[in-house]
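Chains, contacts and geometry: an overview
One-letter residues, chain by chain:
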Amino acid sequence: MYFNREIETMPLDRLRALQNERLQSQVHMMYQQIPHYRELFRQHNLKPSDISGVRDLHKIPFTHKSALRDNYPFGLFARQRKDLARLHCSSGTTGKPIVVGYTQHDIGVFAEVVARSLAAAGCRPGMLLQNAYGYGLFTGGLGIHYGAELLGMTVLPISGGGTEKQLMLMQDFQSDVICCTPSYALTLAEEMKRRNIDQSALALRFAVLGAEPWTESVRSEIERKLQVNATNIYGLSEIIGPGVSQEDYEEKGTGSYIWEDHFYPEIVDKDTGDPLPYGEQGVLVFTTLTKEASPVLRYYTNDIASVYYDKSAKRTHIKMSPIAGRADDMLIIRGVNLFHTQVEAVIQNIPELTPNYQLVVFRKGAMDEVEVRVEVESALFDSIAAEQDAPLEHDRFLAAFHLLQKRIKDTIGLSMRVTLEHPGAIPRSEGGKLNRIVHRQA
Ligand code: ADP
Ligand code: K
């Protein structure tokens, strides 16, 4: 099912023409309304008429998060504060948050792209969507909410956290869809088991998960334990919020559609900033094409992915790979670049291990070291704990330990310390994003 078949299946040449036309007016409007961009164009000897379409984008310098910080709170808005319908903030790790504004029209676009996303995820009018994304300054809660209503769903605006209540209402109301972070979906699944709630007590069919990087390892765990079809939703406040891209539930694993009639993506080299060809991994950069209040040109997301066209797909829009990580969350260990998702991917193929893991970075002498802490499957753990001599189980335990160490070395090129933990040893998401990396003094 398409929410907007005409746009979602628009032939590429027409889509490109639409983007070019929209980009021209976006650039003219920004030049008129935002002193920062007018000044930027002047410094680079650019006029709005130099940008006739997306192929001219490379002439424009990137917009970094620092530009939003420096113009805090409303300095990059193209509209006056009194003409806005809503403000959102992204957390911003230190100090002042990033502020984004929405006109009524922007809110309409936000709802439209979320409605398209939910439809691609398998959601249908009439289904009950339990929205466990956080409501508040974070774009997730309200963003999903308005999109679900537009699609014609019933929304349960429960927000994140309160796991016991989540599970109670999920059973009592027979929710069809859960929206939350993948790490919180794991928490829900685990808590279900702990409370002996049988899968048959739930009506869940779909899980729409995002706001943090995740891999197939986490997907298979969630799908198995919650009996759902789990798909990826991606977005960021600076562009609009969740719904910048979405995976189709019948095309899982082939990437997420970027709604490119509103958000034009580029992938650039993280060192040189040069645009990279389709399929190559680099930093995602977005240009908004229809934003009224908080438009951005070439916003440097810091998220690492690739983009490509999938000729066999249902829709014409470009796809993006899962996010490997944020460039600023990338570890550099003894000269090797490392994202935690690489370790997650290795864990997937070792059945004795669960996706409850954490990377501990510490210093040993002059060297950075990484310890992988990962929980073993509870059945395996129980049989080892229950019996003094369960030699077969011990063998499996040891084999899993060595296999993880070897595969990390072979695929990532780093030796890591491995610690197999008992179930429950690793921190869980309590409703929002989960930090997989901790730094420890040796
Ligand atoms: P905050 O900065 O407060 O976390 P945002 O919602 O703006 O709030 O965060 C957006 C960021 O979250 C993205 O730039 C990306 O790093 C991450 N993110 C969002 N969705 C996904 C996803 N599906 N996969 C991986 N990372 C994601
Ligand atoms: K952000």
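Scroll up a little and you will see the structure.
Residues numbered from 1 in each chain as written. Chains lettered and ligands numbered in written order. Predicted model: local features only at pLDDT ≥ 70, side-chain atom pairs only at ≥ 80, totals over all residues. Heavy atoms only, no water.

1. Here we look at the overall build of the protein
Along its length, the protein carries 12 helices and 21 strands. Against the compact-globule benchmark of 22 Å for 442 residues, the protein has a radius of gyration of 23 Å, which places it among compact chains. Based on the C-alpha atoms only, the size of the protein along its principal axes is roughly 75 × 55 × 45 Å. The buried share of the protein, reckoned over its 442 residues, is 55%. (Helix = DSSP H or I, 4+ residues; strand = E, 2+ residues; numbered from the N terminus. Rg over C-alpha atoms; globule rule 2.2 N^0.38 Å. Buried < 20%, exposed > 50% of the residue type's maximum accessible area, 1.4 Å probe, protein only.)

2. Section: the packing of helix 11 (residues 378–386) against helix 12 (residues 391–412)
The geometry of helix 11 relative to helix 12 is characterised by a closest axis approach of 9 Å and an angle of 130° between their N-to-C directions. For the element pair helix 11 / helix 12, the angle class is oblique. As for how helix 11 packs across helix 12, the hand of that crossing is left-handed. Seen from helix 11, the contacting residues are Leu380, Ser383 and Ile384; seen from helix 12, they are Glu393, His394, Arg396 and Phe397. Residues belonging to the contact of helix 11 with helix 12 are distributed by class as follows: 3 nonpolar, 2 polar and 2 charged. (Axes fitted to C-alpha atoms, helices over the stretch in contact; angles between N-to-C directions. Parallel < 35°, antiparallel > 145°, perpendicular 65-115°, else oblique. Left-handed = near helix turned anticlockwise from the far one by under 90°. Contact = heavy atoms within 4.5 Å. Nonpolar A, V, L, I, M, F, W, Y, C, P; charged D, E, K, R; others polar.)

3. Here's the deal with the packing of helix 2 (residues 12–33) against helix 3 (residues 35–43)
Closest axis-to-axis distance for the helix 2/helix 3 pair is 6 Å, and the angle between their directions is 105°. By the angle between their directions, the pair helix 2 and helix 3 is classed as roughly perpendicular. Within the contact between the two elements, helix 2 uses Val27, Met30, Tyr31, Gln32 and Gln33 and helix 3 uses Pro35, Tyr37, Arg38 and Phe41. Taken together, the residues of the contact of helix 2 with helix 3 sort by class into 6 nonpolar, 2 polar and 1 charged.

4. Notes on the site of ligand 1
With respect to spatial proximity, 18 residues lie near ligand 1, and among them Ser91, Ile233, Ser237, Asp303 and Lys433 are the closest. In the environment of ligand 1, a nitrogen atom lies 3.5 Å from a nitrogen or oxygen atom belonging to the backbone of Pro213. One of the side-chain N or O atoms of Arg326 is found 3.0 Å from an oxygen atom in ligand 1. Here ligand 1 loses 93% of its free accessible area of 570 Å² to cover by the protein chains. (Near = heavy atom within 4 Å. Polar contact = N/O pair within 3.5 Å; in protein donor to acceptor, adjacent residues only side chain to side chain. Areas by Shrake-Rupley, 256 points an atom, 1.4 Å probe, with all protein chains shown as cover.)

5. Structural notes on helix 12
With 22 residues, helix 12 extends 31 Å between its outermost C-alpha atoms, agreeing within 8% with the 32 Å of an ideal straight helix rising 1.5 Å per residue. Within the span of helix 12, buried status applies to Ala400, Leu404, Ile408 and Ile412. The buried residues of helix 12 occupy an angular sector of 50° when projected down its axis, which confines them to one face. Counted as exposed and oriented over 90 degrees from the buried face of helix 12: Pro391, Leu392, Lys406 and Asp410. For helix 12, the secondary structure elements touched by its buried residues are strand 17 (336–338), helix 10 (340–348), strand 18 (353–364), strand 19 (367–376) and strand 20 (417–421). One or two steps after helix 12, the chain reaches Gly413, where phi turns positive at roughly 85°. (Expected span 1.5 Å × (residues − 1). Arc of directions from axis to C-beta.)

6. A look at the nonpolar core
Counting residues in hydrophobic clusters, the biggest one holds 68 residues, and the most contacted among them are Leu118, Leu129, Met153, Leu284 and Phe286. In terms of residue count, helix 5 (residues 104–120) provides more of this core than any other element does, 8 residues in total. (Core = buried A, V, L, I, M, F, W, Y, C linked by side-chain atoms within 4.5 Å.)

7. Brief notes about the side chain of Asp261
Relative to the assigned elements, Asp261 resides in the loop between strand 9 (256–258) and strand 10 (263–268). Discounting residues that sit within four places of it in the chain, Asp261 has contacts with Ile7, Leu15, Leu18, Arg22, Arg116, Leu289, Thr290 and His317.

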